[in-house]
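Chain by chain, the residues run as shown.
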Amino acid sequence: MGIVQHGHGAVFVSQIADLLSSSFYGEVDLHKVVKIGTFLIIIYCCALVLSYFQGFIMNTVTQRTAYGLRKDICRKINNLPLKYFDSHLIGDILSRVVNDVDTIAMTLNQSVGNLFNAGTQFIAAMIIMSNELAKANQTTSAFSTISITLKRLVPRYATISAMAFHFDLSCA
């Protein structure tokens, strides 16, 4: 939702700026500005609510996973012979149960959340790019033309500059 919010949010802010800049040539359509602004606020509020639910779901999943890991470790520790506890330090055993499972849970929470965000952003970017295909083709053509022009001009300019620099040195 973040990429959709930011992508469409920028479009609506641009529309508001266009409406306000048109006031230099006439009156501002405040009704239209308020309508676009209200829609923009609704988009941001929806993004806020969806981000909250995404965080809630990610935390719930990781906490349940961590709980399952702790339960499995507890079951495993209960089945260990007493000789194991004589040969290992209590702190090492507790570290495995507490710290390592917490580290796994935090890593899982961050990575799954980032993976979900990346997937959503990729899909939204593909949708936005498919809608803006004509503009993308124009931009690519413009950049290609500029780069080809610069590629041809820069060596000439470098040669002319080198000749002028050489000429200045020879005159001095």
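Structure first, text after, so check above.
These notes cover the structure that comes with them. This is a predicted model, so every value here is computed, not measured.

Conventions we followed
Residues numbered from 1 in each chain as written. Predicted model: local features only at pLDDT ≥ 70, side-chain atom pairs only at ≥ 80, totals over all residues. Heavy atoms only, no water. Helix = DSSP H or I, 4+ residues; strand = E, 2+ residues; numbered from the N terminus. Contact = heavy atoms within 4.5 Å. Areas by Shrake-Rupley, 256 points an atom, 1.4 Å probe, with all protein chains shown as cover. Buried < 20%, exposed > 50% of the residue type's maximum accessible area, 1.4 Å probe, protein only. Polar contact = N/O pair within 3.5 Å; in protein donor to acceptor, adjacent residues only side chain to side chain. Salt bridge = Lys/Arg side-chain N within 4 Å of Asp/Glu carboxyl O. Expected span 1.5 Å × (residues − 1).

Details of the overall build of the chain
(1) Moving on: When helices and strands are counted, the chain shows 5 helices and 0 strands.
(2) Moving on: The linear arrangement of helices and strands in the chain, starting from the amino end, is α-α-α-α-α.
(3) Moving on: Restricting the contact set of the chain to residue pairs at least 6 apart, pairs at least 24 apart contribute 73%.
(4) Moving on: Carbon together with sulfur atoms contributes 69% to the accessible area of the chain, which is approximately 13,700 Å² in total.

Considering the side chain of glutamine 54
(1) Moving on: When you line up the elements, glutamine 54 lands in helix α2 (residues 30–78).
(2) Moving on: Given the relative accessible area of 18%, glutamine 54 is considered buried.
(3) Moving on: Polar contacts involving the side chain of glutamine 54 include one to the side chain of asparagine 117, which spans 2.9 Å.
(4) Moving on: Among all residues touching glutamine 54, those that are not within four sequence positions of it are Gly113, Phe116 and Asn117.

Some details on the pattern of salt bridges
(1) Moving on: Inspection of every chain in the model, using the stated rule, returns 2 salt bridges.
(2) Moving on: With a shortest N-O distance of 3.2 Å, arginine 75 and aspartate 72 are connected by a salt bridge. Note that arginine 75 and aspartate 72 are positioned in helix α2 at a spacing of 3 residues, about one turn of the helix.
(3) Moving on: We classify arginine 75 as partly exposed; its relative accessible area is 47%.
(4) Moving on: Taking relative accessible area as the criterion, aspartate 72 reaches 43% and is therefore assigned partly exposed.

What about α2?
(1) Moving on: In this model, α2 (49 residues) spans 71 Å end to end at C-alpha, consistent with the 72 Å of a helix rising 1.5 Å per residue.
(2) Moving on: Within α2 the residues assigned to the buried category are Val33, Ile36, Gly37, Leu40, Ile43, Ala47, Gln54, Met58, Thr62 and Ala66.

Section: the side chain of threonine 62
(1) Moving on: The residue threonine 62 is located in helix α2 in this model.
(2) Moving on: Look at threonine 62 and you get buried, because its relative accessible area is 3%.

Brief notes about the environment of alanine 105
(1) Moving on: As for its placement among the helices and strands, alanine 105 is situated in helix α4 (residues 90–131).
(2) Moving on: Separated by 43 residues in the primary sequence, alanine 105 and threonine 62 place their C-alpha atoms 5.7 Å from one another.
(3) Moving on: Sequence-distant contacts of alanine 105, that is, excluding residues within four places in its chain, are made with Thr62 and Ala66.

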